[in-house]
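One-letter residues, chain by chain:
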Amino acid sequence: MASSVLAITVMAVTRGIINAQGITQRSSQRHAAEALIANDLETTVRQRFFSFRCSQGPCLPKETESQVLLKNQDKPLRYYNDDNKQAFINSCQNRQLAKDLLATPTDGIASGESTLSGTGHLLKGVVVKRRINLVENNANSAVVEYEALHNNKRIAYRKAILIPNAVHWCG
């Protein structure tokens with residue numbers, strides 16, 4: 001009788017330990033997928049999306065930075081070159097900044113779906129997909145969705161709406 005009670009107790013404790021390890025493993029996978037998603041969103045997508053037409057700063061060709069700073073101390077920063085200013089204004093007025101920005105794939109950032117790759121043992125068997133779509137009635141912005149799957153089950157999801165900073169200079 002005592003050995004039966006002992007066997008049942010040992011089995012219950014063992015099952016509890018195994019279940020706890022499984023929960024910890026799934027939680028660790030979810031956190032690793034969320035970290036990959038956050039890193040991609042912050043360092044890749046937003047960096048690409050928030051720089052429009054040229055790098056941040058006065059977009060003047062063939063001048064050194066110090067010359068530009070001295071010459072334009074009281075002028076606002078611009079995100080377009082003088083030669084494509086009208087194209088920028090037209091893009092703004094037609095409400096298609098995000099569409100134009102995503103038209104040419106750069107650093108893997110374009111409309112549509114792509115799969116992210118991560119390293120580490122926690123991400124083995126985890127598939128992270130990124131979808132970038134334009135907002136239907138306003139192509140000045142885009143929706144970025146991430147979905148992390150493990151064994152075809154969703155373990156993480158994130159959605160963000162991105163509007164290029166250049167929208168604020170439309171006019």
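Residues numbered from 1 in each chain as written. Predicted model: local features only at pLDDT ≥ 70, side-chain atom pairs only at ≥ 80, totals over all residues. Heavy atoms only, no water.

S.K.: Can you explain the sheet that holds strand β4 (residues 153–162)? Please cite residues and give values.
M.R.: Pairing in this open sheet of four strands is antiparallel, and the strands run β1-β2-β3-β4 from one edge to the other. Each edge of the sheet is formed by a strand with only one pairing partner; in this case those strands are β1 (112–116) and β4. The mean inter-strand angle of the sheet, taken between neighbouring strand axes irrespective of direction, is 20 degrees. Of the strand pairs in this sheet, strand β3 (residues 138–150) and β4 are connected by nine bridges, and their pairing is antiparallel. The partner of valine 144 across the bridge, within β4, is alanine 160. (Pairing = 2+ DSSP bridges. Helix = DSSP H or I, 4+ residues; strand = E, 2+ residues; numbered from the N terminus. Axes fitted to C-alpha atoms, helices over the stretch in contact; angles between N-to-C directions.)

S.K.: A description of the pairing of β3 should follow, citing residues and the corresponding values.
M.R.: Counting buried positions along β3 yields 13 of 13 residues, so the element is predominantly enclosed. Linking two consecutive strands that pair antiparallel, namely strand β2 (residues 126–135) and β3, is a turn of two residues. Counted between consecutive antiparallel strands, the loop separating β3 from β4 contains two residues, among which asparagine 151 sits at a positive phi close to 55 degrees. (Buried < 20%, exposed > 50% of the residue type's maximum accessible area, 1.4 Å probe, protein only.)

S.K.: Now, about the pattern of salt bridges: what can you tell me, with residues and values included?
M.R.: Oppositely charged side chains can pair when the atoms bearing their charge come close. Enumeration according to the criterion identifies five salt bridges in this entry. Here arginine 130 and aspartate 40 are joined by a salt bridge, their closest N and O atoms 2.7 Å apart. Of this pair, arginine 130 sits in strand β2 while aspartate 40 sits in helix α1 (residues 2–49), placing them 90 residues apart in sequence. Comparing arginine 130 with aspartate 40, the two get one shared label, buried. Of the charged contacts in the structure, one is a salt bridge between arginine 131 and glutamate 113, with a shortest N-O distance of 3.6 Å. Of this pair, arginine 131 sits in strand β2 while glutamate 113 sits in strand β1; the two residues are 18 residues apart in sequence, bridging distant segments of the chain. Accessibility expressed as a relative area gives 48% for glutamate 113, which makes it partly exposed. The network of salt bridges with shared partners includes Glu113, Lys129 and Arg131. (Salt bridge = Lys/Arg side-chain N within 4 Å of Asp/Glu carboxyl O.)

S.K.: Just give me the short version of unusual backbone geometry, but keep the residues and values in it.
M.R.: With phi around 55 degrees, asparagine 151 is a residue other than glycine that occupies positive phi space. Counting through the fold element by element, asparagine 151 comes out in the loop between β3 and β4. A relative accessible area of 59% places asparagine 151 in the exposed class. Despite not being glycine, asparagine 152 has its phi angle at roughly 60 degrees, a positive value.

S.K.: How would you sum up the nonpolar core? Please name residues and give values.
M.R.: Judged by nonpolar contacts, the single largest core of 24 residues is most densely connected at Ala33, Val128 and Ala148. Of all the elements in the fold, those that place two or more residues in this core are α1, α4 (97–103), β2, β3 and β4. Here this core takes seven residues from α1, the largest share from any one element. Those residues in contact with alanine 33, other than ones at most four positions away along the chain, are Leu123, Val126, Val128, Ala148, Ile155 and Ala156. (Core = buried A, V, L, I, M, F, W, Y, C linked by side-chain atoms within 4.5 Å. Contact = heavy atoms within 4.5 Å.)

S.K.: Give me the side chain of glutamate 145: which residues, what numbers.
M.R.: One can find glutamate 145 in strand β3. No salt bridge forms around the buried glutamate 145; measuring N to O, its nearest opposite-charge neighbour arginine 131 is 4.3 Å away. Discounting residues that sit within four places of it in the chain, glutamate 145 has contacts with Lys129, Arg130, Arg131, Asn133, Tyr157, Arg158 and Lys159. (Lys, Arg positive; Asp, Glu negative; His and termini not counted.)

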